[in-house]
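# Secondary and tertiary structure notes
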Amino acid sequence: MSSAYAIPPGVTCLPDYEDHARALLSRAAWAYIAGAAADGLTLRRNRSAYDAISLNGRVLAAFGGDAGTRLDLLGTTLAFPVLLAPVAHHRLACADGEIATAIGAAAAGSGLVVSTESDTAIEDIAAATAGPLWFQLYIQHDRAFTHALAARAERAGARAIVVTVDAPVSGVRNDEQRAGFTPGSLGEAVHLRGLKPGPVAHAPLGSSLLFDGFLAGAPRWEDIARLRAVTRLPLLLKGIMTPEDAERAVREGADGIIVSNHGGRVLDTLPATIEVLPGIARAVAGRVPVLVDGGIRRGTDVLKALALGATAVLVGRPYVFALAVAGPAGVAHALHMLRAEFEMAMALTGCARLADIGSNVIHRGPSCN
Ligand SMILES: Cc1cc2nc3c(=O)[nH]c(=O)nc-3n(C[C@H](O)[C@H](O)[C@H](O)COP(=O)(O)O)c2cc1C
Ligand SMILES: CC(C)CC(=O)C(=O)O
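Residues numbered from 1 in each chain as written. Chains lettered and ligands numbered in written order. Predicted model: local features only at pLDDT ≥ 70, side-chain atom pairs only at ≥ 80, totals over all residues. Heavy atoms only, no water.

As recorded in an unreviewed UniProt entry, the protein chain goes by Alpha-hydroxy-acid oxidizing protein and comes from Neoroseomonas terrae. Entered under Cofactor (unreviewed entry) in the UniProt record, the comment concerning the protein chain runs "FMN". A UniProt comment under Sequence similarities (unreviewed entry) is attached to the protein chain, and it reads "Belongs to the FMN-dependent alpha-hydroxy acid dehydrogenase family." (UniProt positions renumbered as here; feature names shortened; annotations may be inferred.)

Below you can see the structure in the form of structure tokens.
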């Protein structure tokens, strides 16, 4: 682990890390990490939708003995309701990769969802930190391999399995194409070592890119019940964007739902996650926790997500930028700033406990119609 990590002066909030990271990363790495699908409409909408929500400031509330932000979530204790979203290939941002990230997350009392496509094996990350790890699973064309990978994550100490269901194909990645970034330039996905190559999307002129066999082995609902039987860990589905799919997820045995549009990286023109969260939370009606990601950059965003039905949130790009700039120190610092902002937002809306954060903190004036 390098000892040269330093937080640059003047970094006061998560967006400040983005500016510093842009100056450090290659054009291709920047396009992969910061980029989005097609025209980036969903990426921008994830943010603008938070900005369009106003809060009700409340005064003179009491903050007694049990005030705080601690959360017990599916057997994982978090100092505050924020997890690091699964992001592939942390070595693109920092030579110490996922180990640096996990150390930073643990220092801040948060947890890391390790990607199927990480550069570091879950066993090695677990050996380097006592902080909570969840494992994100991409269902592979080889289902026996997939089930073995889930079992491997459980043995390594992962406390939950997050099955990402919104990306049977990776989307129209024009930012990456323009920057000359190719998936081949990512390092080896160590968890997929030994997996026999599957079908590739292939489109000679006049033929179909996806419908001549590529999607035949794509994940489907039956896979969720099978996975449910393979692991004792809590199983969450990531990438749910409608109440109908949320309802089905609960019926198939999901222990949690992550409302996500993959940070606008897969299907452009999806709505913002914060726009669909209330309807999904209503459909789920407290049967399982509902988490959300996409566009969360400020403590007020965390508060808004909880007010609109989330139990916890995940952040993606911001911690990768902090990792690129200052390694584990950057990740811990970014999380610490987000927690401080969240606590201020709670205090100034009169919420002493997470349970106090309800829809009454959202200002329903004419501007929010
Ligand atoms: C560079 C990058 C790689 C990602 N890799 C994965 C992945 O391997 N698995 C996954 O489920 N989601 C992946 N995501 C999506 C994130 O988990 C998350 O949904 C998204 O980043 C949230 O939006 P935000 O970046 O605006 O916070 C990735 C996102 C980025 C930016
Ligand atoms: C390696 C990719 C499939 C990871 C991913 O989910 C993404 O880049 O958004």
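This part covers the overall build of the protein chain. Helix and strand counts for the protein chain stand at 12 helices and 10 strands. Taken against the 2.2 N^0.38 rule, which gives 21 Å for 369 residues, the C-alpha radius of gyration of the protein chain at 20 Å falls within 12% of a compact globule. In terms of principal-axis extent, the alpha carbons of the protein chain reach across some 65 × 50 × 40 Å. Of the contacts made within the protein chain by residues no fewer than 6 positions apart, 74% connect residues no fewer than 24 positions apart. Carbon and sulfur atoms make up 55% of the accessible area of the protein chain, which amounts to about 15800 Å² in all. Taking the average location of the 33 positive side-chain charges in the protein chain and that of its 34 negative ones, the two points are 2 Å from each other. (Helix = DSSP H or I, 4+ residues; strand = E, 2+ residues; numbered from the N terminus. Rg over C-alpha atoms; globule rule 2.2 N^0.38 Å. Contact = heavy atoms within 4.5 Å. Areas by Shrake-Rupley, 256 points an atom, 1.4 Å probe, with all protein chains shown as cover. Lys, Arg positive; Asp, Glu negative; His and termini not counted. Charge placed at Lys NZ, Arg CZ, Asp CG, Glu CD.)

Taken in spatial order, the eight strands of this closed barrel run 3-4-5-6-7-8-9-10, and their pairing is parallel. For this sheet, the mean angle separating the axes of adjacent strands, direction not counted, is 30°. Here strand 7 (residues 235–240) pairs with strand 8 (residues 256–259) via four bridges, running parallel. Each bridged residue has a counterpart across the sheet, and for K238 the counterpart in strand 8 is I258. The strands touched by helix 8 (residues 221–230) are strand 5 (133–137), strand 6 (161–164) and strand 7; relative to strand 7, the strand with the most contacts, the crossing angle is about 155°. (Pairing = 2+ DSSP bridges. Axes fitted to C-alpha atoms, helices over the stretch in contact; angles between N-to-C directions.)

Another aspect to go through is the site of ligand 2. Taken together, Y32, A88, E117, Y138, R173, H262 and R265 form the complete shell of residues around ligand 2. A distance of 3.1 Å separates an oxygen atom of ligand 2 from a polar side-chain atom of R173. In this structure, an oxygen atom belonging to ligand 2 sits 2.8 Å away from a side-chain N or O atom of R265. Partitioned by chemical class, the residues of the shell around ligand 2 number three nonpolar, one polar and three charged. (Near = heavy atom within 4 Å. Polar contact = N/O pair within 3.5 Å; in protein donor to acceptor, adjacent residues only side chain to side chain. Nonpolar A, V, L, I, M, F, W, Y, C, P; charged D, E, K, R; others polar.)

Turning to the site of ligand 1, a few remarks are in order. If you check the shell around ligand 1, you find 22 residues, and the closest are P86, S115, T164, D293 and R297. With respect to ligand 1, the backbone of P86 contributes an N or O atom lying 2.6 Å from an oxygen atom. When ligand 1 sits alone it has 600 Å² of accessible area, and the protein chains cover 99% of it. In terms of residue class, the shell around ligand 1 is made up of eight nonpolar, nine polar and five charged.

Now for the pattern of salt bridges. Taken as a whole and judged by the stated rule, the model has 18 salt bridges. Among the ionic pairs, R47 bridges to D51, the shortest N-O distance being 2.4 Å. Of this pair, R47 and D51 both sit in helix 3 (residues 41–51), four residues apart, which is roughly one turn of the helix. Classification of R47 by relative accessible area gives partly exposed; the value is 21%. The partner of E341 in a salt bridge is R298, with the nearest N and O atoms 2.9 Å apart. One end of the pair, E341, is in helix 12 (residues 317–348); the other, R298, is in the loop between strand 9 (290–293) and helix 11 (299–307), with 43 residues separating them in the sequence. Via salt bridges that share partners, R47, D51 and D301 belong to a single interconnected network. (Salt bridge = Lys/Arg side-chain N within 4 Å of Asp/Glu carboxyl O. Buried < 20%, exposed > 50% of the residue type's maximum accessible area, 1.4 Å probe, protein only.)

Attention now goes to the pairing of strand 6. By the alternation rule, side chains of strand 6 split into I161 and V163 and V162 and T164, which are all buried. The sheet contact formed by strand 5 and strand 6 spans three bridges and is parallel. Counted as the bridge partner of L137 is V163 from strand 6. For the crossover that starts at strand 5, traverses helix 6 (residues 143–156) and ends in the parallel strand 6, the hand is right-handed. Both strand 6 and strand 7 contribute to a ladder of four bridges, which runs parallel. The residue of strand 7 that forms the bridge with V162 is L236. (Right-handed = clockwise from strand over helix to strand, strands pointing away.)

As for its placement among the helices and strands, V290 is situated in strand 9. It is 9.4 Å that separates the C-alpha atoms of V290 and D255, two residues lying 35 residues apart in sequence. Not counting residues within four places of it along the chain, the set of residues in contact with V290 comprises I257, V259, L277, I280, A281, V284, G309, A310, T311 and A312.

This part covers the pairing of strand 10 (residues 312–315). Here strand 10 shows a buried face lined by A312 and L314 and a second buried face lined by V313 and V315. For strand 3 (residues 82–84) and strand 10, the ladder comprises three bridges, and the chain directions are parallel. From the neighbouring strand, L83 faces strand 10, where its bridge partner is L314. Relative to strand 10, strand 9 runs parallel, the two being bridged by three bridges. Within strand 10, the position partnered with L291 by the bridge is A312. Read as a crossover between parallel neighbours, the route from strand 9 over helix 11 to strand 10 is right-handed.

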